[in-house]
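# Coordinate inspection notes
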Amino acid sequence: MPISLKAIFVLTMVGTSGMALIQADNCAPSESCLATNRMTFPWRSARLPSFIVPEHYHLNIHVDFATQTFKGQVKILIAVMKCSRFIVLHSKNLNICEAFLEAIHTQKNISLQVLQAPNNEQVAFISNTSLEAGRKYDLTIGYTAPLSTSFSGFYKVFYTTKSGAQRMLAATHFEPTSARKAFPCFDEPHMKALFSVTVVHSQQNYAISNMPMRTSLLRADGLVEDRFLHSLKMSSYLVAFVVSDFTSRSAMSTRGVKVSVFAPGEQISQTEHALHIGVKILEFFEEYFQIPYPISKLDLVAIPDFESGAMENWGLITFRETSLLYDPETSTGLNKIWVTLVTAHEIAHQWFGNLVTMAWWNDIWLNEGFASYMEFVATNHLKPEWSVEDQFLINNFFRALKQDSFDTSHQISLPVTSSTQIRQMFDVISYSKSALQAGRMTDVKKIMSTWTMQKGYPLVSLRRNGGKLFITQNVFTLHVSEKSSFLWQIPFTFYTSNSSTVRSLLLIKKEVSIDLPKEVLWIKANVNCTGFYRVAYDLQMFHMIIHQLRESDLVFSSNDRANLIDDSFNLASQGTLKYNEAFSISLYLWKEKEYLPIRMYAIHMVHMLKRFAFSGDWCSFHLIKTHMLVMLGELMSTQRWDDSGTMPQQNLRVLLLSMATGYKQLPATHRAQDLFYRWMESDGKTWLPRNLRGLLFRVGVRNGGDEEWRFLLKKYMESTSSTDKLSILQALCRTRSTAKKLWLLKTSLLNHVIKTQDFGTIIRQLASSPNNNRVVWKFVQHNWDKLTTK
Ligand code: BES
Ligand code: ZN
């Protein structure tokens, strides 16, 4: 899910009056239907009229790095379905200087009047004569605009080379509603058309776009004109072009698709993993979908300043550096998993999203849910030894259950019209809850609709009475008082203390009962977390489960152990279960060896630690901390301080040692300090285990002072590894000095030394500590305008 500055700040302001960003679906009858020149704008709705359909865009973009502006000309072949005197399309922040229409059947030019309606991000072209139904016209529009300073539209990006030289590039990011910031267009996903892109630029740079290049011409004025082949029929939000001086590496897929990875020259050695895995993923999906990828090339580009994680533009996927580049020397196992998942996610979109597209943004979950599911299918297929199912459950299952229990949640499919509402659709619900639904698309439509058309999810309560088991469903919310009549169709699965055979039934009523043999001591429901619901066991069964965990925990799979922990602590925080009961289920953890249950336990402990720290209840804080160090202490002290082991073992090690040093378990802290200082004394030349670099940097800052911090800042500036830079930056945020915290925030907003894309990381990192409340909040208040316009 994208992490955006706007999402952090602007969206929290919905409801504030006077915000130009927040607009009604239709403009109000009086003022807002006037165009900027105060003439009446011919269209009221934020949605475009359906009687004019775009068929083919010829887009010519001339970018000038010296003035940081671009000139555009777009010629759109349109088909008129219903006689009309006006054409409405989207346009935002463009200075339109010419517009004319040519009727294809008469070849006559028709002059047009231009009206703008910035509230709906629309422009209208009015002709003196009516356009005839059934005819086609070429609409030509000339315009200019500055390269955008935000992260969307056609925007400029600065980056610094190792020698300190400043470089610039220009890239696009359009989804969901920013194509209109680069060229006037019918910016709605169902209005698909062909695109023929031409980019004019200086000789120092080169251009890439969705399609392979057709011709590249050195013009008499010394500029280069690159023409690209026309695209397939596609939505405007998928159009892309990048003008840069990057280096690239390529490889061929078995079917002959040329896959290339682009990055700044100094980082090209970090593209090997993405190139290798990119080819494999492409081949996997071609086989899986049984539809060949329809373009002869696929470009993957690392953009040095990028708001979200990655974007699936057809044939030209753009990434944040940390989502594409992998440095074998300094990146962690988790970095490698992340690069693979993101690449698979965006390549899955080449089919799901690009080839097949939702008609409107209310159904963005079809795009994102499916890609969020397929990224795991592909990764699991290519790297079974990574156990990415654990990551799937953490990223999607547990996360969606949490998010969807808040009052502020919403149903998966939601009516939206304005750009602001559309942007809000890209959230945990559309990604994670939908990913879980995508996993079982094979279910009948009726079952699906109870999950997609209503928000929230059920709590299934189990009550034993003699030979009967009563199964009841209720909505699960964090406020128990809320009663609702929602009913779900729940694929309910379980096994019992007597038989590991999984039984299943579809719950469709509020309450059902089934027979259960007397000898059964407990049942475990929602086997392996395959259903999107929580389970509450009656206390007697709950105690039997606890007993079983202590006797022999391996009767339950690691998914099930994690599920028991997660459900228990969530029921406790909701008040249905006493906290001492939840803690007693966690008491078996001293013998737990697997990543997922430990991670689940850690998530809940850390959450509580934060709450106590924020409320200043240090007594409870220390109790929880001690609980954690007692439960996991032995496993912590047996960890090796290297990169050995399987991927899950490495991930477990990072988790345990981060907690051990974070909560100052002494042997671990000493060991870490020792490693850190040896590294510092060698000016960063001694080798550090790549998985442990981040935690060692944090120990260095937390337990050190000015000297350690400055040393790490120097390493930050020298490093060309974006993943290592990220770990250093996160460590720098752990400083106790207010001046240093402010410096980090300010510097990143200036986009100097620290990129603005990392502002979100800094804020999140600082805000996670109670000491930083005031600093962060004051900074945000003082810089409100800057933050909301970026
Ligand atoms: N289509 C999205 C990118 C996007 C999101 C554009 C929101 C505009 C608004 C892309 O496929 C995506 O989902 N990216 C994720 C990373 C992914 C691996 C989950 C992101 O950017 O966080
Ligand atoms: Zn996506």
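Just so you know, these numbers come straight off a predicted model, no measurement behind them.

### Considerations on the overall build of the protein
Helices and strands together make up the secondary structure of the protein, namely 23 helices and 26 strands. Considered along the principal axes of its C-alpha atoms, the protein spans approximately 85 × 70 × 55 Å. In the protein, the share of contacts with a sequence separation of at least 24, taken over all contacts with a separation of at least 6, comes to 70%. For the protein, the exposed surface amounts to about 32,300 Å²; the carbon and sulfur share of it is 54%. Here the protein contributes 82 positive and 66 negative side-chain charges, whose respective centroids are spaced 3 Å apart.

### Let's talk about the pattern of salt bridges
According to the stated counting rule, one finds 35 salt bridges in the structure shown. One salt bridge in this structure joins R180 and E121, with 2.7 Å as the shortest N-O distance. One end of the pair, R180, is in the loop between strand 9 (166–173) and strand 10 (194–201); the other, E121, is in the loop between strand 5 (109–117) and strand 6 (122–131), with 59 residues separating them in the sequence. The pair formed by R180 and E121 is uniform in burial state, with each residue classed as buried. Here D560 and K524 are joined by a salt bridge, their closest N and O atoms 3.3 Å apart. With D560 in helix 11 (residues 558–574) and K524 in strand 25 (residues 523–525), the pair connects residues that are 36 residues apart, well separated along the chain. With relative accessibility at 1%, the residue D560 sits in the buried group. With a relative accessible area of 0%, K524 lands in the buried category.

### What about the UniProt feature "domain: Peptidase M1 membrane alanine aminopeptidase" (unreviewed entry) in the protein?
Following the UniProt record, the feature "domain: Peptidase M1 membrane alanine aminopeptidase" (unreviewed entry) maps to residues 274–436 here. Its end C-alpha atoms 26 Å apart, residues 274–436 is made of 53% helix and 9% strand.

### Focus on the UniProt feature "site: Transition state stabilizer" (unreviewed entry) in the protein
Within this structure's numbering, the places UniProt gives as "site: Transition state stabilizer" (unreviewed entry) are Y431. One can find Y431 in helix 8 (residues 428–438). Judged by relative accessible area, Y431 falls into the buried class, the value being 11%.

### Thoughts on the packing of helix 21 (residues 759–767) against helix 22 (residues 773–782)
For the pair helix 21 and helix 22, the least separation of the axes is 9 Å and the interaxial angle reads 145°. Here the hand of the crossing between helix 21 and helix 22 comes out left-handed. Of the residues in helix 22, those in contact with F759, I763, L766 and A767 of helix 21 are V776, F779 and V780. Residue composition of the contact of helix 21 with helix 22, grouped by class: 7 nonpolar, no polar and no charged.

Criteria and thresholds
Residues numbered from 1 in each chain as written. Chains lettered and ligands numbered in written order. Predicted model: local features only at pLDDT ≥ 70, side-chain atom pairs only at ≥ 80, totals over all residues. Heavy atoms only, no water. Helix = DSSP H or I, 4+ residues; strand = E, 2+ residues; numbered from the N terminus. Contact = heavy atoms within 4.5 Å. Areas by Shrake-Rupley, 256 points an atom, 1.4 Å probe, with all protein chains shown as cover. Lys, Arg positive; Asp, Glu negative; His and termini not counted. Charge placed at Lys NZ, Arg CZ, Asp CG, Glu CD. Salt bridge = Lys/Arg side-chain N within 4 Å of Asp/Glu carboxyl O. Buried < 20%, exposed > 50% of the residue type's maximum accessible area, 1.4 Å probe, protein only. UniProt positions renumbered as here; feature names shortened; annotations may be inferred. Axes fitted to C-alpha atoms, helices over the stretch in contact; angles between N-to-C directions. Left-handed = near helix turned anticlockwise from the far one by under 90°. Nonpolar A, V, L, I, M, F, W, Y, C, P; charged D, E, K, R; others polar.

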